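# Structural description and commentary
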Amino acid sequence: MAELSLVLVTPERTLFDRQVASIRVPLFDGSAGFYPGRAPLVGRLGIGELRLTEVSGTVESYFIDGGFVQVKGTVVSVLTNAAMLSSEISRKSAGAKLQEAKAELAKTDIEYVASSRRLEKARKMLALASKD
Amino acid sequence: MANRRLLVKRLKAVRNIRKITRTMELIATSRFKKAMDRATEAAEYTRKISEIVADLGRANLKFSHPLLERRAEEKRSVLLVLTANRGLCGGYNASILRQSLAHIRGLNEKSIELQLEVSGKRGIKFLNYQKVPIHAQYTTFDDQPSFAAVDELGTRYAEDFMAGRIDRLDVAYTKFVTSSKQFAVIETLLPIAGLGGGIETKSEAGVDYEFLPSAQEILAEIVPAAFRAKLFKCFLDASVSEQIARMVAMKGATENADEMAGSLKQQYNRARQAGITSELAEIIGGAAALG
């Protein structure tokens, strides 16, 4: 069987670099899944959950904030602004961020884009939060 | 006798200073290692970005993006100066500030409006003293600048540039080449000169990519990302260089203190011996006079 490995990098560090069985990433318009043997692809990522199944079968979940995905050969590279393990997101802080984003008042178009992005991020984060 | 006591006092002072400089050297060494690790990890992201850009280049599309466009006339320019929050790091701050001042003068001569932003207490103090107006100052980027904080700056610059509020962004920082070579530079970050940093992967003869949503849209998104990564790299380079500069300066200071302590000790021993000799001479002289 063909192999598949995932490299998850943020501007600050490399979070994950191992072989995996399958990956699911949030693209700009919905989810996309990758199995070994995927044809080369470059795609824009959205905000949401990156889910990977390790070779052993355990599932891990990360929250990622936009960026790009590149599939080339057996390597899937995910470049994102920020990433964290879903299990490390606390419901409390995500909820607080959502309240903050909701309270914002956008006056210009640019501000509106930025604030709606923050709102989306906070919502998706809260949806993934598993800890109190 | 008074001379001897003075020497002992100075010797103690020099030894105390040596302890401090030695400790600072060790601290700078460990901070340097940490900063270096961060910079290496960050390099991976930049490398991947340039890889995708290079791949896009093969997809036969025109490279056009507002951030890449050079303005015919530069009216408003931004200079971001990255200095340290603390001193005692040799010529690190001085060389950046010297370059920045020359740059500011050049802009004034061409009567280009300048928006000066300074990071680091040292730079802020110096430029205030020189009576150069500073428009924004940051002291929060310490040894470990976080991407989120730099990203905020980067997004603002990119927006200002695209909206035409600024025509150019320069960053004055200390570029890190190798651990024995760093130098102060002023780099133009906006408009972006060359994407991908000249890294061309020639080995593979074109992978046929599927672009989602389209190559053009990926480009539109990746140009700002490349810019922000580049800005972040400037901050990381600056923090690595600062630690190296401090390490070298403190090593020099420790060695000087060693040398000074050695010569003071020698002087003290000589003075002591001279004292003993003269005392002996007095006793012998006294005994001879009595006898």
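Only a predicted model underlies this, so the values are computations on that prediction, with no experimental measurement involved.

## Section: the nonpolar core
- One finds Val78 of chain A together with Ile49, Leu82 and Ile222 of chain B to be the most contacted residues of the largest nonpolar core, which totals 84 residues.
- The greatest single-element share of this core, amounting to 20 residues, is contributed by helix α5 (residues 215-290) of chain B.
- If near-sequence neighbours (up to four positions away) are discounted, Ile49 of chain B is found in contact with Leu79 of chain A together with Ile222, Ala225, Ala226 and Ala229 of chain B.

## A few points about the packing of helix α1 (residues 91-103) of chain A against helix α2 (residues 109-128) of chain A
Residue and element names in this part refer to chain A.
- Following both chains from N to C, one finds α1 and α2 inclined at 155 degrees, their axes separated by 9 Å at the closest point. In terms of orientation, α1 lies roughly antiparallel with respect to α2. The hand of the α1/α2 crossing is left-handed. Between α1 and α2, the contacting residues are Arg91, Ala94, Gly95, Lys97, Leu98, Ala101 and Lys102 on the first element and Ser115, Arg118, Leu119, Ala122, Arg123, Met125 and Leu126 on the second.

## Remarks on the pairing of strand β4 (residues 168-178) of chain B
All names here are of chain B.
- Bridging between strand β1 (residues 76-82) and β4 involves five bridges; their strand directions are parallel. Opposite Val81, over in β4, you have Ala172 as the bridge partner.
- The antiparallel pairing of β4 with strand β5 (residues 181-190) creates a hairpin that spans two residues between the two strands.

## So, the interface of chain B and chain A
- Listed per partner, the contact involves 25 residues of chain B and 21 residues of chain A.
- Elements that contribute at least two residues to the side of chain B that touches chain A include exactly α1 (2-58), α4 (147-162), β6 (210-212) and α5 of chain B.
- Residue contributions to the side of chain B that touches chain A peak at nine residues, all from α1 of chain B.
- Considered class by class, the residues forming the side of chain B that touches chain A number 14 nonpolar, no polar and 11 charged.
- Bridge count for strand β4 (residues 41-54) of chain A against β6 of chain B is three bridges, and the pairing is parallel. Its bridge partner lying in β6 of chain B, Val42 of chain A is registered against Phe211 of chain B.

## So, the environment of Ile23 of chain A
- The residue Ile23 of chain A is located in strand β2 (residues 14-27) in this model.
- Among residues more than four places away in sequence, those in contact with Ile23 of chain A are Leu6, Gly33, Phe34, Leu52 and Val76 of chain A.

## Some words on unusual backbone geometry
All names here are of chain B.
- Backbone torsion omega between Leu190 and Pro191 reads -5 degrees, so that peptide bond is classified as cis.
- Backbone geometry at Leu88 places phi at a positive 55 degrees, although glycine is not the residue there.
- Structurally, Leu88 is set in the loop between β1 and α2 (92-109).
- Of note, Ser111 is a non-glycine position whose phi angle comes to about 45 degrees, a positive value.

## Let's talk about the domain arrangement of chain A
Residues and elements named next belong to chain A.
- As far as domains go, chain A holds domain 1 (5-86) and domain 2 (90-128).
- For domain 1 versus domain 2, the separation of C-alpha centres amounts to 23 Å.
- Counting residues at the interface gives seven residues for domain 1, matched by five residues for domain 2.
- Those elements that provide at least two residues to the side of domain 1 that touches domain 2 are β4 and β5 (59-72).
- Looking at the side of domain 1 that touches domain 2, its residues break down into two nonpolar, three polar and two charged.

What counts as what
- Residues numbered from 1 in each chain as written.
- Chains lettered and ligands numbered in written order.
- Predicted model: local features only at pLDDT ≥ 70, side-chain atom pairs only at ≥ 80, totals over all residues.
- Core = buried A, V, L, I, M, F, W, Y, C linked by C-beta atoms within 7 Å.
- Buried ≥ 20, exposed ≤ 12 C-beta atoms within 10 Å, placed from the backbone.
- Helix = DSSP H or I, 4+ residues; strand = E, 2+ residues; numbered from the N terminus.
- Contact = placed C-beta atoms within 7 Å.
- Axes fitted to C-alpha atoms, helices over the stretch in contact; angles between N-to-C directions.
- Parallel < 35°, antiparallel > 145°, perpendicular 65-115°, else oblique.
- Left-handed = near helix turned anticlockwise from the far one by under 90°.
- Pairing = 2+ DSSP bridges.
- Nonpolar A, V, L, I, M, F, W, Y, C, P; charged D, E, K, R; others polar.
- Domains from an automatic or database assignment.

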